Amino acid sequence: MKSNNKVLILGATGGIGGEIARKLIREKWDVCALRRNGPKNQQDSDIRWIPGDALNGEQVMAAASGCSVIVHAVNPPGYRNWEQQVLPMLQNTIQAAERNGALIILPGTVYNYGPDAFPLLREKSPQNPVTRKGAIRVQMERALFAWTQRGGRVLILRAGDFFGPQAGNNWFSQGLIKPGQTPRIIRNPGKAGTGHQWAYLPDVAETLVALLARREQLDPFACFQMRGHWDADGMTMAGAIQRVAQLAGIHAKVTSFPWWLITAMAPFNTTMYEMLEMRYLWQKAIQMDNTKLIDFLGHEPHTPLIEAVLTTLIGQGCINQAIVTQS
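How each quantity is defined
- In every chain, residue numbers begin from 1 and rise along the written sequence.
- Side-chain atom pairs in this predicted model are given and counted only at pLDDT of 80 or more, local residue features only at pLDDT of at least 70, and totals for whole chains, interfaces and linings cover all residues.
- The side-chain quantities take in all heavy atoms of the structure and omit both hydrogens and water.
- Note on aromatic contacts: the rings of Phe and Tyr and the six-membered ring of Trp form a pair at centre separations within 6.5 Å, being stacked when their planes are under 30 degrees apart, edge-to-face when over 60 apart, and tilted otherwise.
- We count a stretch as a helix when DSSP gives it H or I for four or more residues in a row; a strand needs E for two or more, and each element gets its number in order from the N terminus.
- Each residue gets one of three labels from its accessible area relative to the maximum for its type: buried under 20%, exposed over 50%, partly exposed in between, using a 1.4 Å probe on protein chains only.
- The contact definition used throughout considers only heavy atoms, calling two residues in contact when any of these lie within 4.5 Å.
- Any pair of nitrogen or oxygen atoms within 3.5 Å is treated as a polar contact; in protein, a donor-acceptor pairing is required on top of that, and neighbouring residues in sequence qualify only through side-chain atoms on both sides.
- What makes two strands pair is DSSP finding at least two bridges between them.
- Axis definition: a line fitted to C-alpha atoms, limited for helices to the stretch in contact. Angles are taken between N-to-C directions and run from 0 to 180 degrees.
- In this description, the term disulfide denotes a pair of cysteine sulfurs within 2.5 Å.
- Distance thresholds for patches are 9 Å for like charges and 5 Å for nonpolar side chains (Val, Leu, Ile, Met, Phe, Trp, Tyr), applied to residues having over 30% relative accessible area and no salt bridge.
- Areas reported as accessible are Shrake-Rupley estimates using a 1.4 Å probe. Residue values count occlusion only from the protein chains shown.
- Each reported salt bridge corresponds to a side-chain nitrogen of Lys or Arg within 4 Å of a carboxyl oxygen of Asp or Glu.
- Using a 1 Å grid laid over the protein atoms alone, points where a 1.4 Å probe fits but cannot get out form a cavity; open sets with protein on both sides within 12 Å along at least 5 of 7 lines form a pocket; any residue with an atom within 4 Å of a point counts as lining.
- Grid points are joined across faces, edges and corners, and a volume is the space filled by probe spheres set on the points.
- Amino acid classes used here: Ala, Val, Leu, Ile, Met, Phe, Trp, Tyr, Cys and Pro are nonpolar; Asp, Glu, Lys and Arg are charged; the rest, including Gly, are polar.
- By convention a nonpolar core is built from buried Ala, Val, Leu, Ile, Met, Phe, Trp, Tyr and Cys residues, the set being connected through side-chain atoms within 4.5 Å.

1. Here we look at the packing of aromatic side chains
Next up, step 1: Counted under the stated rule, the structure contains twelve aromatic pairs.
Next up, step 2: Residues Phe163 and Trp198 carry aromatic rings whose centres are separated by 6.2 Å and whose planes lie at 85° to one another, so their mutual orientation is edge-to-face. A residue pair is termed long-range when its members are at least 10 positions apart, and Phe163 in strand E8 (residues 161–163) and Trp198 in strand E10 (residues 196–200) qualify at 35 residues. Grouping residues by exposure puts Phe163 and Trp198 together as buried.
Next up, step 3: On the basis of an interplanar angle of 45° and a centroid distance of 5.5 Å, the ring pair of Trp171 and Trp259 is categorised as tilted. One end of the pair, Trp171, is in helix H5 (residues 171–176); the other, Trp259, is in helix H8 (residues 259–265), with 88 residues separating them in the sequence.
Next up, step 4: Residue class for Trp171 comes out buried when judged on its relative accessible area of 9%.

Take a look at the structure:
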């Protein structure tokens, strides 16, 4: 595998892809990113943006030229048409990695697992998904494993539900709060007494970069899990949002997520249908074991929950940083 520090990120305009890009830039990596449409502002000016589409194999191949690492953090536009687009995009990444001898990084999810693997997930827990996206995620990892059998290198870091200052497509920003709105109502998708696993995106990116720094010591198919933030009673995350809102002088109320409305709309709305499919992840406790990660790195990057939630709510435009600073 090449030792240079040039990386191609697919999905750099998304939550996890963007966090990885920013962290790699701080670590002096040469960061390239493929994009369908350029960002409205060039705040990440240290990224070399390359026009192209992850569904176009030739464009991915050209963008990956000379890269020692490819981060595959891309999803279909609007998170639709997974069945038709996800695996072809991954195959393009595999072909580009094979041409360049590059390591592929895949941010993993818990969608791979069904209830039979709960409550404590380990790297070798059985993957018997009960949703369409979960089944596709399993196919992705099988394709990556098959590639390692032909000489490839893969790193997967699995974490809980994402949240962060620049992450939009997740339960935190689409369920508990609404970006750009004062958090007076916090809608909790879980239920009291049922534990849930969360992952702060800057911590996920820092962990990936720490693993990447020791990539020569990784197994060909290396998979790790983060503990992140364990919400033991199912109310800790909602309570943290409530406390941060209070710091900003906002009285916030925690209510139940309107699953009844999602159920009613699911037959007519693809997004609602997929949200309903994922409800099982909130009905049973899910905790992730990070023993393997600790054994390898010696630690797991971990931002305190209140600090992480504060930064997230400021980044999501829900509270004013100046008001919190003055309080």
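Here the narrative resumes, following the displayed structure.
2. So, the environment of Thr303
Next up, step 1: Tracing the chain through its elements places Thr303 in the loop between helix H11 (291–297) and helix H12 (305–315).
Next up, step 2: Judged by its relative accessible area of 14%, Thr303 is buried.
Next up, step 3: Measuring from C-alpha to C-alpha, the distance between Thr303 and Pro202 comes to 8.5 Å, with 101 residues separating the pair along the chain.
Next up, step 4: Not counting residues up to four positions away in its chain, the partners in contact with Thr303 are Tyr200, Asp203, His229 and Ala308.
Next up, step 5: A polar atom in the side chain of Thr303 sits 2.8 Å from the side chain of Asp203.

3. Looking at the sheet that holds E10
In sheet architecture, strand pairing relies on hydrogen bonds along the backbone and comes in two forms, parallel and antiparallel.
Next up, step 1: Spatially, the three strands line up as an open sheet ordered E8-E10-E12, and their pairing is mixed. This sheet does not close on itself; its edge strands, each paired only once, are E8 and strand E12 (229–231). Here the average twist between neighbouring strands, direction ignored, is 35°.
Next up, step 2: Inspection of the sheet shows E8 paired to E10 by three bridges, in the parallel sense.

4. Here's the deal with the state of the cysteines
Next up, step 1: This model, assessed by the stated rule, comprises zero disulfides.
Next up, step 2: Here Cys32 is not disulfide-linked; the sulfur of Cys67 is the nearest cysteine sulfur, at 5.0 Å.
Next up, step 3: Classification of Cys32 as buried rests on a relative accessible area of 0%.

5. Re the sheet that holds strand E4 (residues 69–72)
Next up, step 1: One open sheet accounts for seven strands, arranged E3-E2-E1-E4-E5-E7-E11; its pairing is parallel. Here the strands that pair on one side only, and so sit at the sheet edges, are strand E3 (48–51) and strand E11 (221–225). Here the strands of the sheet are splayed against their neighbours by 20° on average, with no regard to which way each runs.
Next up, step 2: Pairing of strand E1 (residues 6–10) with strand E2 (residues 30–35), which is carried by five bridges, proceeds in the parallel orientation. In the strand pairing of E2, Val7 is matched with Val31.
Next up, step 3: Here helix H3 (residues 82–100) sits on the sheet in contact with E1, E4 and strand E5 (103–108), set at roughly 175° to E4.

6. Quick word on a nonpolar patch on the surface
Next up, step 1: Where nonpolar side chains cluster on the molecular surface, the patch consists of Trp260, Leu261 and Met265 and spans about 320 Å² of accessible area.
Next up, step 2: Within the secondary structure, Trp260 is located in helix H8.

7. A look at empty space enclosed by the protein
Next up, step 1: Applying the stated criterion across every chain, the model contains three cavities of 30 Å³ or more.
Next up, step 2: When its volume is computed, the largest cavity comes out at roughly 50 Å³.
Next up, step 3: Considered class by class, the residues forming the lining of the largest cavity number three nonpolar, three polar and one charged.

8. A word on the layout of surface pockets
Next up, step 1: In this structure, the second largest pocket spans a volume of roughly 260 Å³.
Next up, step 2: If you trace the second largest pocket, you find it lined by Glu123, Lys124, Ser125, Gln127, Val138, Glu141, Arg142, Arg158, Phe221, Cys223 and Lys292.
Next up, step 3: When residues of the lining of the second largest pocket are traced back to their parent elements, those giving at least two are helix H4 (132–148) and E11.
Next up, step 4: Per element, the largest residue contribution to the lining of the second largest pocket is three residues, and it comes from H4.
Next up, step 5: The class makeup of the residues in the lining of the second largest pocket is three nonpolar, two polar and six charged.

9. Quick look at the nonpolar core
Next up, step 1: In this structure, Phe163, Phe172, Met237, Ile241, Val309 and Leu313 are the most contacted members of the largest nonpolar core, which totals 39 residues.
Next up, step 2: Elements with a contribution of two residues or more to this core: H5, E10, helix H7 (236–247), H8, helix H9 (270–277), helix H10 (280–283) and H12.
Next up, step 3: Broken down by element, this core gets its largest block of residues, six residues, from H7.
Next up, step 4: Those residues in contact with Ile241, other than ones at most four positions away along the chain, are Phe172, Leu176, Ile177, Ile186, Val309 and Leu313.
Next up, step 5: Judged by nonpolar contacts, the second largest core, of 38 residues, contains Trp49, Leu157, Leu218 and Phe224.

Honestly, it's all geometry; don't read function into it.
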